[in-house]
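Understanding the architecture of this molecule
Next come the chains, spelled out residue by residue.
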Amino acid sequence: MSLLSLSRVSFAWDGPLLLDEIALEIDRGERIGLLGRNGTGKSTLLSILAGELDPDDGDIVRGNGLSVARLVQEVPQGEHRCVADVIADGLADDEAAPADEDQWQRERTVETVMTRMKLEGDGLFAELSSGMKRRVLLAQALVGEPDILLLDEPTNHLDIDSITWLEGFLKSYAGTLIVVTHDRVFLQEVATRIVEIDRGRLFDWTCDYQTFLQRRQAALDAEEKQNAAFDRKLAEEEVWIRQGIKARRTRNEGRVRALKKMREERRQRRRQIGNVKMEVDEGERSGQLVLDAQHVTFAYDADPVVKDLSTLITRGDRIGIIGRNGAGKTTLLKLLLGDLQPDSGTIRHGTNLQIAYFDQLRERIDEDKTVAENVGEGQEQLVINGKQRHIYGYLQDFLFTPERARRPARYLSGGERNRLMLAKLFKRPSNMIVLDEPTNDLDTETLELLEELVADYRGTLLIVSHDRAFLNNVVTATLVFEGQGQIKEYAGGYDDYVLQSQATRPQSSTENRPAKKQKPNKSGADGPQKLSYKERRELDELPEQLHELEQQIADLQAAMADPAFFKQSGEEIARATAQLKELEEQLSESYRRWEELEVRA
């Protein structure tokens, strides 16, 4: 017999049914991934399963003595008790046991769970990192040994180390697990059965995540073909009825009734939720050099955050930043962007940078203003890539209906807040995008579209993320915090970093650089040749030469962008064009020479 059974369950808040006569059987020991677009009812279904919410209609059958625990998305604020007391909240009081015995049993149970999850009971909950707080809340859910454990976005705001620990823990968990998550790698590792909510219906795929993706695509293709065939048949019947055939004749009454039924069926059809249509307003090209950091060090009090970091970022680079929560990833971004000054070392920016910054903490959302006011900033007409767009039309591309766009931002869900920030970000011209945890709360479809967008972006990207699939699909190099302020650079995405960091042979700083920056050392019988005195002077002078060349190119491009430029004679225009080409070739050759000398330095 199943632990929990739903039959013909329906529920709606206001509007179309979120759950439309769904059925679900949950057996002991299953690990179920619950999927669906933002707003389709995943959290609502978890609330119904937990007994926190009653359905509008349908039957729910629970096994005798069934216990269900739930880990919610939100981490409670202002919780100043010790860890052991927070965990103990997950235990029910045993009214039949004497008070002393009950207290002893509770303490023993809490201690067992803390040992299992490597937690210190005396520490204050409020002082823990986000990852450790989530671990304490998981212990609180597990301490009562529930038959079914419900997890709502358990990886949100966790660093990669915490996510991999949670994966391992849940894979060895003996109870029944139902998890809502947007983390595709986590889902593939943990779930053995996929259940999807789509347009009010529940689809049970009974397979792992990768197999689900293939089967769902095939099902969607089949549904599209079926709808197209239905629509063609309906159109044919509409033509027949308009041709003036008298519907009152007995031989036609059945056909008329069938047409009315088809019309009603077409009207009741629930279409798929639309996809976000993201478009970046790409500004003018930046200079070849975007950012040059040399021996940068920064500390808060005596704690080093960044120690002796040197890195070169050029136009078109896609850099991922990886590290534990609290390691200093956001601080590093602020240093690189010039919002903070290093304690020592230098950071030089290239020319003509237009930076768009996605803020992890959503500090740039005005809670009292509507979505349209936050994005439009007093304007009803926006210009995106030279095309004029009305604010409501632009917001519909990010799945905000006009009604939703007129609501204050304080009422938005986590996913809607992310879409609002992306709408604000992409409306501005940019040639460098900085994304600080952009994937939290986004559904998988929107996440994949964001990946496609940044993959096609011709500017430079800096991305802080704990989403391993996102990093693998987007970045070309990673900066990794490795403790005590040490930051190392690796070629490729997250999986590439793992392979390189696990290599047994020692790696030099040159080997840790992205492949595009590596140059073979010139070597003879006695090993690599050192720089001569003349070459050393050349290397020292090259950064200033590069800066001058980029400035000359920027000035010439600005002059050629002026409409008055083309009122000159053809000879003058040709001379300026040739000069620009020559300067760009000099710049390219100077960068090649700089990289060649740097490798040997």
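Owing to the predicted nature of the structure, the values given are computational and were not obtained by experimental measurement.

**A word on the overall build of the protein**
The helix and strand tally for the protein stands at 18 helices and 22 strands. Every one of the 601 residues in the protein was classed for burial, and the buried ones make up 46%. Accessible surface, the protein: about 31300 Å² in total, of which carbon and sulfur atoms supply 46%.

**So, unusual backbone geometry**
One non-glycine residue, H295, lies in the positive phi region at around 55 degrees. Of the residues examined, H295 reaches a relative accessible area of 47% and is grouped as partly exposed. With phi around 50 degrees, E377 is a residue other than glycine that occupies positive phi space. What makes E377 partly exposed here is its relative accessible area of 46%.

**Focus: the sheet that holds strand β10 (residues 289–300)**
Across the sheet, three strands lie side by side as β11-β10-β13; this open sheet has antiparallel pairing. Where the open sheet ends on each side, the last strands, each with one partner, are β11 (303–314) and β13 (344–349). Direction aside, neighbouring strands of the sheet carry axes that sit 15 degrees apart on average. As defined by bridge partners, β10 adjoins β13 across five bridges and the pair is classed as antiparallel.

**Topic: the pairing of strand β20 (residues 487–491)**
Summarising burial for β20: four of the five residues are buried, a large majority. Relative to β20, strand β19 (residues 477–481) runs antiparallel, the two being bridged by five bridges. Of the residues in β20, the one forming a bridge with L479 is E489. In this structure, the hairpin formed by β19 and β20 is closed by a connection of five residues, where G483 is found at a positive phi of approximately 100 degrees.

**Some points on the sheet that holds strand β6 (residues 148–152)**
In spatial order, the strands read β5-β6-β7-β3-β8-β9; together these six strands make up an open sheet with mixed pairing. Edge positions in the open sheet fall to β5 (68–71) and β9 (201–204), since each of these has one partner strand only. Direction aside, neighbouring strands of the sheet carry axes that sit 20 degrees apart on average. Pairing analysis gives three bridges linking strand β3 (residues 31–35) to strand β7 (residues 176–180), with the strands arranged parallel. Across the sheet, G33 pairs through a bridge with V179, a residue of β7.

**Things to note about helix α5 (residues 160–171)**
Over its 12 residues, α5 runs 17 Å from end to end, which matches the ideal 16 Å to within 8%, given 1.5 Å per residue. Those residues of α5 that fall on the buried side of the exposure criterion are I160, S162, I163, L166, E167, F169 and L170. The backbone nitrogen of D161 lies 3.3 Å from a side-chain oxygen of the residue at the head of α5, namely D159.

**Thoughts on helix α1 (residues 42–49)**
Helical geometry: 3.6 residues make up each α-helical turn, so side chains three or four residues apart lie on a common side. Of all the eight residues making up α1, seven are buried; the element is thus mostly covered by neighbouring parts of the structure. Every buried residue belonging to α1 is among K42, T44, L45, L46, S47, I48 and L49, and all of these are buried. Note on α1: the residue one or two positions beyond its end, G51, has a positive phi of about 80 degrees.

**Overview of the side chain of R31**
With respect to the helices, strands and loops of the structure, R31 is situated in strand β3. A distance of 3.4 Å separates the side chain of R31 from the backbone oxygen of K171, its partner in a polar contact. Here V190 takes part through its backbone oxygen, which lies 2.6 Å from a polar atom of the side chain of R31. In contact with R31, other than residues within four places in its own chain, are L170, K171, L177, V190, A191, T192 and R193.

**Regarding the packing of helix α4 (residues 130–142) against α5**
Axis separation between α4 and α5 bottoms out at 10 Å; the angle between their running directions is 20 degrees. When the axes of α4 and α5 are compared, the pair comes out roughly parallel. Pair α4 / α5 crosses with right-handed handedness. Contacts between α4 and α5 involve G131, R135, L138 and L142 from the former and S162, W165, L166 and F169 from the latter. Considering only residue class, the contact of α4 with α5 consists of five nonpolar, two polar and one charged.

**Re the nonpolar core**
If you look at the biggest cluster of nonpolar residues, it comprises 42 residues, and the most contacted ones within it are L395 and F426. At six residues, the largest contribution of residues to this core is made by helix α13 (residues 414–426). Discounting chain neighbours no more than four positions away, the residues touching L395 are V371, A372, V375, F400, A405 and A423.

**Concerning the pairing of β3**
Taken residue by residue, a regular strand's side chains alternate between the two faces of the sheet. Counting buried positions over the five residues of β3 gives five, a clear majority of the element. Sheet topology places β3 next to strand β8 (residues 193–198); four bridges connect them, and they run parallel. Considered in β8, the bridge of L35 is made with E196.

**Considering the confidence of the model for the protein**
On average, the protein scores 81 in pLDDT, and the residues at 70 or more come to 86%. When mean pLDDT is taken per element in the protein, β3 scores highest with 95 and strand β21 (residues 523–524) scores lowest with 40. Low pLDDT (under 50) marks residues 504–528, which in the prediction has 38 contacts with non-local residues, meaning those over four places away or in another chain.

**With respect to the pattern of salt bridges**
According to the stated counting rule, one finds 21 salt bridges in the structure shown. Across the salt bridge formed by E189 and K171, the nearest N and O atoms sit 2.9 Å from each other. Taken together, the positions of E189 in helix α6 (residues 184–190) and K171 in helix α5 put the pair 18 residues apart, joining distant regions of the chain. Since its relative accessible area comes to 34%, E189 is described here as partly exposed.

Scoring rules and cut-offs
- Numbers given for residues are sequential positions, taken from 1 along each chain in its written order.
- Where local features are concerned, this predicted model is filtered to residues with pLDDT of at least 70; where side-chain atom pairs are given and counted, the filter is 80 or more; whole-chain, interface and lining totals use all residues.
- Each side-chain value is worked out from all heavy atoms of the structure, with water and hydrogens disregarded.
- Here a strand is any run of E in DSSP of at least two residues, a helix any run of H or I of at least four, and the numbering for each starts at the N terminus.
- Only protein chains enter the accessibility calculation, which uses a 1.4 Å probe. A residue is then buried if its area is under 20% of the maximum for its type, exposed if over 50%, and partly exposed in between.
- Using the Shrake-Rupley algorithm and a 1.4 Å probe, accessible areas are obtained, with residue cover drawn only from the displayed protein chains.
- Paired strands, as defined in this entry, are two strands with at least two bridges between them according to DSSP.
- Every axis corresponds to a line fitted to the C-alpha atoms, with the helix fit spanning only the stretch in contact, and the corresponding angles, defined between N-to-C directions, vary from 0 to 180 degrees.
- One less than the number of residues in a helix, times 1.5 Å, gives the span that helix is expected to have.
- Pairing of N or O atoms within 3.5 Å defines a polar contact, subject to two protein rules: one partner must be a possible hydrogen donor and the other a possible acceptor, and residues neighboring in sequence count only if both atoms are side-chain atoms.
- What makes two residues a contact is simply this: any of their non-hydrogen atoms within 4.5 Å.
- The labels follow the angle: roughly parallel below 35 degrees, roughly antiparallel above 145, roughly perpendicular from 65 to 115, and oblique for the rest.
- A clockwise turn of the near helix away from the far one marks a right-handed crossing, whereas an anticlockwise turn of less than a right angle marks a left-handed crossing.
- Each residue receives one of three labels: charged for Asp, Glu, Lys and Arg, nonpolar for Ala, Val, Leu, Ile, Met, Phe, Trp, Tyr, Cys and Pro, and polar for the others, Gly being one of them.
- Note on terminology: a nonpolar core comprises buried Ala, Val, Leu, Ile, Met, Phe, Trp, Tyr and Cys residues joined through side-chain atoms within 4.5 Å.
- Confidence per residue, as judged by the predictor, is encoded in pLDDT with a range of 0 to 100.
- Salt bridges are counted wherever a side-chain nitrogen of Lys or Arg sits within 4 Å of a carboxyl oxygen of Asp or Glu.

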